[in-house]
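The lines below spell out each chain.
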Amino acid sequence: MHIIMKVVISAIVIGVVTEIARRFPTYGGVVAALPLVSLLSIIWLYFQGEQSTTLSKFALGVLWGFPATAILLLIVYFLLKNSIPLFVSIGFGICGWLLFLFVQGFLLKIIKLSFFN
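Undergrad: Please provide a residue-by-residue account of the pattern of salt bridges, values included.
TA: One pass over the structure, following the stated rule, counts two salt bridges. Two residues, Arg 22 and Glu 19, come together in a salt bridge whose shortest N-O distance is 2.8 Å. Of this pair, Arg 22 and Glu 19 are both found in helix H1 (residues 2-23), three residues apart, which corresponds to roughly one turn of the helix. Of the residues examined, Arg 22 reaches a relative accessible area of 55% and is grouped as exposed. Taking the shortest distance from any N to any O, the salt bridge between Glu 19 and Arg 23 comes out at 3.6 Å. Taken together, the residues span about one helical turn, with Glu 19 and Arg 23 both in helix H1 at a distance of four residues. One salt-bridge network, in which partners are shared between bridges, spans Glu 19, Arg 22 and Arg 23.

As structure tokens, then:
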């Protein structure tokens, strides 16, 4: 029953956001940028009985992925603006996202090594 409830509520949120975006693209983008998925996920995890430590690790993981997501969206924006097809733009955006996550992790390891040695 919980799974059905999560799917229905999540689908409603996505439907509302896409309707706002269809009528008012800029406002739809702002609403879509809200951490709706993250907050819904935290709420679902909480109601499933997850501990605060799990919720905080999840929040940190979302925060860790935020810069890479911004890169993905920038790549998609610029490619679409230059008339590159949607799925090609998304593909390049995903590649940029993965590359940024790799570089981010590599730099964090270097920073940790330099601070703790």
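Undergrad: An account of the packing of aromatic side chains is needed here, citing residue identities and associated values.
TA: If you walk through the whole model with that rule in mind, you get three aromatic pairs. Summarising the aromatic geometry, the rings of Tyr 46 and Phe 47 are spaced 5.5 Å apart at their centres and angled 70° between planes, so their arrangement reads as edge-to-face. The exposure class of Tyr 46 is exposed, given its relative accessible area of 54%. Taking the relative accessible area as the measure of exposure, Phe 47 reaches 61% and is therefore exposed.

Undergrad: So what's going on with a nonpolar patch on the surface? Which residues, and what values?
TA: Residues Leu 99, Phe 102, Val 103, Phe 106, Leu 107, Ile 110 and Ile 111 make up a contiguous nonpolar surface patch of about 680 Å² in total accessible area. Positionally, Phe 106 belongs in helix H5 (residues 86-116). According to the relative accessible area criterion, Phe 106 is partly exposed, its value standing at 48%.

Criteria and thresholds
- Within each chain, residues carry numbers counting from 1 in the order of the written sequence.
- Since the coordinates come from a predicted model, pLDDT governs what is reported: local features require at least 70, and pairs of side-chain atoms require 80 or more to be given and counted, while whole-chain, interface and lining totals use all residues.
- Only heavy atoms go into the side-chain values, all of them from the structure, while hydrogens and water stay out.
- Salt bridges are defined by distance alone: a side-chain nitrogen of Lys or Arg within 4 Å of a carboxyl oxygen of Asp or Glu.
- Working definition: helices are DSSP H or I runs of at least four residues, strands are E runs of at least two. Numbering for both runs from the N terminus.
- Partly exposed describes any residue whose relative accessible area lies between the buried limit of under 20% and the exposed limit of over 50%, with all areas from a 1.4 Å probe on protein chains only and scaled to the type maximum.
- Ring pairs shown here join Phe, Tyr and Trp side chains whose ring centres sit within 6.5 Å, with only the six-membered ring taken for Trp; geometry is labelled stacked below 30 degrees between planes, edge-to-face above 60, and tilted in between.
- In this scheme, patches are assembled from residues that exceed 30% relative accessible area and form no salt bridge. Like charges are connected within 9 Å, while nonpolar side chains (Val, Leu, Ile, Met, Phe, Trp, Tyr) are connected within 5 Å.
- Computed by Shrake-Rupley with a 1.4 Å probe, the accessible areas treat only the displayed protein chains as cover when residues are assessed.

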